[in-house]
Amino acid sequence: MTAHDEWVQRDAQVVWHGFTQMATFADNGPIIVDRAEGRELIDVDGKRYLDAISSLWVTTLGHHVPELDDAIIRQLALGAHSTMLGNGNRVVVELSEALARVVPVDDPHFLYASDGASAVEQALKIAFQYWHNRGATGRSTFLAFGGAYHGDTIGALSVGDDGFGADVFNALRFPVVRAPAFDDPACFDVAAGLISEHASELAAVIVEPSVQAAAGMQLADHAGLARLGAACRAHDVLLICDEIATGFGRTGTLFASEQCDLRPDLLCLGKGLTAGYLPMSVTAASGRVFAEFLGDDLGERTLYHGHSFGGNALAAAVALRHLELIEAWDVLANVRERSDELAGLLHDRIAAKPAVREVRLRGLMGAVELAPPAGARFWGRRVSAAAVERGVLLRSIGDNVTLMPPLTITSEEIHRIVHVLGDAIDQEASNP
Ligand SMILES: *Cc1c(COP(=O)(O)O)cnc(C)c1O
């Protein structure tokens, strides 16, 4: 028995993996990571894998980056955590000042949490209470899009679309006004119509700017998104942008909202916020939203919401250093150059394969949608597994093989990913 087999067995005895059928977990060739460095994961047998999904979309600059490690070590000597409820912490103030300079939100204030779903829950509750505090009645529902994914807590599941296992919880999910999915070219105009029709009931619209990641990297029309933002303003409905996946350079600008002319009232960030090092998420609220919560001490205008580890100091320290490094290393330029390169390679070597239906890419968020032969099962999973065998960690969502390399990926590594993906597709196509 290899070290790998032994660790998989020990894992299956005691761990419950998210989004994973545990009865078959061990049969699907899971990697058990021992350590990580640069853009590679190294398993318990010492085998190396290029982390081409950025550890589920969170890793930005790479693993075990000396500058990021140092930021955490320095903060560790100053204390790992202190509560944000009614009190502050110096590094959280510094991070918030740095974020305030770059987020596409006017006069922002930052409420911290740990996971993306919590940042979404916070945004939904803030939007709801905003109208309550203004004395507006009936502003209690949300408009969300087909194909949307906003996280796995009950509120986030409610604004998220069916699928991804959400339907099981239908009895717990609250109803929303649902616009069509991004693959319908009319979706933003239909949404604008729904906003006008339901304005008096809507607390907010929630949208993933530019790319719906979990829907298999569905790309939005930026002009349509800009019209959506205008419709929100025209009808005085709050706009929540969920940039948990797209934030921090993923799409080639620091935030995708910038490309779509969106200035949300509430912005949700997570995943890449700490460069993928530590769990931290944040909801940024605009000055006009924040102002509606000001009132008497312990009064009912207060937002009675807060998480134990919101504003964790270690996470804040690495998030702050991350923002500096994105600029110092000109990471956005690399995203754009590597994206152009990846687009060219996917076009030349992948898109024309009969086993491929469509290739979608924005920045370094991509998906290769497969066209499985009739009756073929787990096609996306099998192609990903064939890539993993070749040392490139890929993961599928249905028939979509997702490509989400770290933002510091090199030209050579981009070539390797495409080469391995091509071989993996050919192997499965010849063996349906
Ligand atoms: C991942 C994701 C979330 C949920 O974040 P978690 O940290 O997994 O809770 C929400 N919205 C989008 C767009 C995401 O990609």
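Further remarks concern unusual backbone geometry. Positive phi values are uncommon outside glycine, yet K271 reaches one of about 25°. Its location among the elements puts K271 in the loop between β11 (266-269) and β12 (281-285). Look at A275: it is not a glycine, yet its phi comes out positive at around 65°. Looking at the element boundaries, A275 is found in the loop between β11 and β12.

In a regular helix each residue adds 1.5 Å, so 13 residues correspond to 18 Å; helix α4 (residues 90-102) covers 19 Å between its end C-alpha atoms and thus fits that length. Turning to α4, the residues buried within the fold contact α3 (66-76), β4 (109-113) and α10 (313-328).

Strand order in the open sheet formed by four strands is β13-β14-β17-β16, with antiparallel pairing between adjacent strands. Since the sheet does not close on itself, it has two edges, and those belong to β13 (356-362) and β16 (395-397), each with one partner. Strand-to-strand, the axes of this sheet are offset by a mean angle of 25°, without reference to chain direction. Pairing geometry for β16 and strand β17 (residues 400-403), over three bridges, is antiparallel. By the bridge assignment for β17, R395 is matched with T402. The strands touched by helix α12 (residues 379-389) are β14 (365-370), β16 and β17; relative to β16, the strand with the most contacts, the crossing angle is about 170°.

So, about the site of the ligand. Neighbouring the ligand are W57, D115, G116, A117, Y149, H150, G151, E208, D242, I244, A245 and K271. Contact between the ligand and G116: an oxygen atom at 2.8 Å from a main-chain N or O atom of the residue. Measuring from an oxygen atom of the ligand, one finds a backbone N or O atom of A117 at 2.8 Å. Protein contacts shield 84% of the accessible area of the ligand, which totals 380 Å² for the unbound molecule. Residue composition of the shell around the ligand, by class: five nonpolar, three polar and four charged.

Once that is clear, we can look at the state of the cysteines. Per the stated rule, a full pass over the model turns up zero disulfides. With no disulfide of its own, C187 lies closest to C260 among cysteine sulfurs, the gap being 12 Å. Look at C187 and you get buried, because its relative accessible area is 1%. Residue classification places C260 among the buried positions, given a relative accessible area of 1%.

Definitions and cut-offs
- Residues numbered from 1 in each chain as written.
- Predicted model: local features only at pLDDT ≥ 70, side-chain atom pairs only at ≥ 80, totals over all residues.
- Heavy atoms only, no water.
- Helix = DSSP H or I, 4+ residues; strand = E, 2+ residues; numbered from the N terminus.
- Expected span 1.5 Å × (residues − 1).
- Contact = heavy atoms within 4.5 Å.
- Pairing = 2+ DSSP bridges.
- Axes fitted to C-alpha atoms, helices over the stretch in contact; angles between N-to-C directions.
- Near = heavy atom within 4 Å.
- Polar contact = N/O pair within 3.5 Å; in protein donor to acceptor, adjacent residues only side chain to side chain.
- Areas by Shrake-Rupley, 256 points an atom, 1.4 Å probe, with all protein chains shown as cover.
- Nonpolar A, V, L, I, M, F, W, Y, C, P; charged D, E, K, R; others polar.
- Disulfide = S-S within 2.5 Å.
- Buried < 20%, exposed > 50% of the residue type's maximum accessible area, 1.4 Å probe, protein only.

Take it as geometry only, folks, not as evidence of what the structure does.
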